[in-house]
Amino acid sequence: MTDIRLIERWLPIAALGEESIRERRSMTALPPIYYLHVWWARRPLVASRAAVLASLLPADADRERFLHVIGIHGDPVATRSRIDVAKRTGENLGPDPYGYKRAFTYAPSGEDKGWLASATGRPLPTISVLDPSAGGGSIPMETERLGTASLANDLNPVAALILMATVDWPFRHGYAALESFQALSREFIRRAEPKYEGVFPPEPDGVQIVGYLWARTITCPYCDGLVPLSPNWRLAPGGTGVRLTPHLGDGPGSEGRTCTFDIVNSLTDQSPGTVARGDGTCPFSDCGRVIDGDVIKEQAQAGRMGEQLYAVVYKERVEVGTKTGRLREKWVRGYRAPRPEDDNGAEVRARLDEKLPEWEAFDLVPSERIPDGNKTTEPQRYGMNQWLDLFSPRQLLCHGTSVEVFRQMLVPTGPQAGWTRAGRRPTGIWRSHSTSC
Ligand SMILES: C[S@@+](CC[C@H](N)C(=O)[O-])C[C@H]1O[C@@H](n2cnc3c(N)ncnc32)[C@H](O)[C@@H]1O
Ligand SMILES: [Zn+2]
């Protein structure tokens, strides 16, 4: 076999581009690994499989067969052009213009794997792919699906765990891994859900909160207004953003000088940013002064930087008509201004204060000092000296609660059992009492 590989000579880039877009087009029908755990830089599976296969095959490998094995069973580029034309002309191309399922859904057959073995001259799974920075696992996942062996890891421990759960356990244990995962998830929810009661304000049926957007706040040293800091107030492409309404109270120095927020739909209606290059700008019309960056840092270091909720992102279930005239459910993203009941910060803070001493004592929250270094010195200038300062109170309360529940599941007699304060060494941490992978 020549040592020149297919990827050095040829790769169907345009077809892979279109298939990669198809793979991600529907946010509710992504490849299953996306739903196990979010990973920010996960590559499309079709492109990953193509890269792996083309790196293993010799340069003169059968290209038609290659396209078949990566799941491209038609001409996605030509179809894309037809769809673009049809959009302009209004032509109805029917429910399946591509004529085949999205490429990543195709699992290589035994015959495909046999072809790979004979084309490379090596029996499977002896050939292996090494991916030392595998992140969300697309490359080892597709390596294993091709019947070859993968060696993968990542610097980030979260990614390393995702790799175990996404690739190692499922391929090693098959459906037993899924059953364990489901049993653990059910048990986690059973134990944790009551503990989250009241942490998030209730929402109507058919609405799911995607995120609460908070701005850090400081007090204007010239007028005592509470200034929410953000470089801009954009929320989404197309003009969706926030307009601030500063309430002036009885003028500079008086009480009640705060901002409320509205969602607007054009760029011109959005308020200008209140911080640029570290300096703030007071949004109150009777002040409007520039607030020096050093003043912001001083307030932060003195523990006087606060936070204010300025928008809530949600998903709403709506029914839409399909081309075939039927109704289908769809989740639509939306933004709304905060309501008074959204801000239960005082209650959350009180619940957190009650828990923190125990959580810190048993190392359930990251109370270590942030070390100096590239990027890590910056938060300290704003008074964030421990890793846990990077979380909002509600985030910390929820994460701490989750870790507490996980600990209880690992060590059935309580979060502390098996842990010593000084050594923080787990004993029996892998002794899962109900199920194990
Ligand atoms: C672009 S992402 C990989 C994406 C991955 N191919 C996927 O599809 O999910 C790059 C990864 O490299 C990891 N990384 C960076 N430096 C590393 C190092 N020195 N050793 C191991 N992993 C590293 C990062 O943690 C990150 O997960
Ligand atoms: Zn001011």
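What counts, and where the lines are drawn
Residues numbered from 1 in each chain as written. Chains lettered and ligands numbered in written order. Predicted model: local features only at pLDDT ≥ 70, side-chain atom pairs only at ≥ 80, totals over all residues. Heavy atoms only, no water. Phe/Tyr/Trp six-rings, centres within 6.5 Å; stacked < 30°, edge-to-face > 60°. Helix = DSSP H or I, 4+ residues; strand = E, 2+ residues; numbered from the N terminus. Lys NZ or Arg CZ within 6 Å of the ring centre and 35° of its normal. Pairing = 2+ DSSP bridges. Axes fitted to C-alpha atoms, helices over the stretch in contact; angles between N-to-C directions. Near = heavy atom within 4 Å. Polar contact = N/O pair within 3.5 Å; in protein donor to acceptor, adjacent residues only side chain to side chain. Areas by Shrake-Rupley, 256 points an atom, 1.4 Å probe, with all protein chains shown as cover. Nonpolar A, V, L, I, M, F, W, Y, C, P; charged D, E, K, R; others polar. Bend = angle between axes of the 7 residues up to and from the residue. Buried < 20%, exposed > 50% of the residue type's maximum accessible area, 1.4 Å probe, protein only. Contact = heavy atoms within 4.5 Å. Expected span 1.5 Å × (residues − 1). Donors = N, O, S within 2.8 Å, 3.2 Å for Na, K, Ca; no water. Tetrahedral: all angles 85-135°; square planar, octahedral: opposite > 155°, others 65-115°. Patch = residues over 30% accessible without salt bridge, like charges linked within 9 Å, V, L, I, M, F, W, Y side chains within 5 Å. Salt bridge = Lys/Arg side-chain N within 4 Å of Asp/Glu carboxyl O.

Asker: Could you give an account of the packing of aromatic side chains, naming the residues involved and the relevant values?
Answerer: Under the criterion given, the structure shown has 7 aromatic pairs. Aromatic pair Phe200 and Tyr212: ring centres 6.0 Å apart, planes at 20°, arrangement stacked. With a gap of 12 residues between them, Phe200 in the loop between helix H10 (175-196) and strand S3 (207-219) and Tyr212 in strand S3 connect regions that are remote in the sequence. A connected cluster of aromatic rings, assembled from ring pairs, spans Trp233, Phe261 and Tyr310. For the cation-ring pair, Arg22 lies above Tyr100, with the distance from its terminal atom to the ring centre recorded as 4.9 Å. Seen from the ring of Trp331, Lys315 lies directly overhead, with NZ or CZ sitting 5.6 Å from the centre.

Asker: How would you sum up the sheet that holds strand S11 (residues 327-336)? Please name residues and give values.
Answerer: Here we have 4 strands laid out as an open sheet, ordered S4-S3-S10-S11, and antiparallel in their pairing. The open sheet has two edge strands with one neighbour each: strand S4 (226-229) and S11. Recorded for the sheet is a direction-independent mean angle of 30° between the axes of neighbouring strands.

Asker: Give a description of the site of ligand 1 that names residues and reports values.
Answerer: In the vicinity of ligand 1 there are 14 residues, among which Arg43, Ser133, Gly136, Asp154 and Leu155 approach most closely. One of the backbone N or O atoms of Gly136 is found 2.8 Å from an oxygen atom in ligand 1. Within the side chain of Ser138, an N or O atom sits 3.3 Å from an oxygen atom of ligand 1. Relative to its free-state accessible area of 600 Å², ligand 1 is covered by the protein chains to the extent of 64%. Residue classes in the shell around ligand 1 are distributed as 5 nonpolar, 6 polar and 3 charged.

Asker: Hey, could you go over helix H9 (residues 157-173) for me, with residue numbers and the actual values?
Answerer: Most pronounced at Met164, the bend in H9 amounts to some 35°. Of all the residues in H9, the buried ones are Ala159, Ile162, Leu163, Thr166 and Val167. Here the buried face of H9 lies against helix H3 (33-36), helix H8 (138-145) and strand S2 (149-152). The opening residue of H9, the one whose side-chain oxygen lies 2.8 Å from the backbone nitrogen of Val158, is Asn156.

Asker: So, helix H14 (residues 393-410): which residues are in play, and what are the values?
Answerer: Since the α-helix advances by 3.6 residues per turn, residues separated by three or four positions end up pointing in the same direction. Between its first and last C-alpha atoms H14 spans 26 Å; for 18 residues at 1.5 Å apiece the expected length is 26 Å, and the two agree. Among the 18 residues in H14, 13 count as buried, and that is most of the element.

Asker: I'd like a description of the side chain of Glu19, backed by residues and values.
Answerer: One can find Glu19 in helix H2 (residues 13-25). Overall, the relative accessible area of 1% leaves Glu19 in the buried class. Engagement of the side chain of Glu19 in a polar contact is seen with the side chain of Tyr100, the distance being 2.4 Å.

Asker: Please provide a residue-by-residue account of the coordination of the zinc ion (ligand 2), values included.
Answerer: The zinc ion (ligand 2) binds to the protein through Cys220 (SG), Cys223 (SG), Cys282 (SG) and Cys287 (SG), with metal-donor distances spanning 2.3 to 2.4 Å. Between the 4 donor atoms coordinating the zinc ion (ligand 2), the angles at the centre fall across 104 to 115°, so the site counts as tetrahedral.

Asker: Quick one: what's the story with a nonpolar patch on the surface, residue by residue and with numbers?
Answerer: A grouping of Tyr175, Leu178 and Phe181 is seen on the molecular surface, where their side chains present a nonpolar patch of about 350 Å² in accessible area. Checked against the element boundaries, Phe181 lands in helix H10. You can call Phe181 partly exposed: its relative accessible area is 40%.

Asker: Run through the environment of Leu229, naming residues and quoting values.
Answerer: You can see Leu229 is positioned in strand S4. When its relative accessible area of 12% is taken as the criterion, Leu229 is described as buried. With 30 residues separating them along the chain, Leu229 and Val199 place their C-alpha atoms 25 Å apart.

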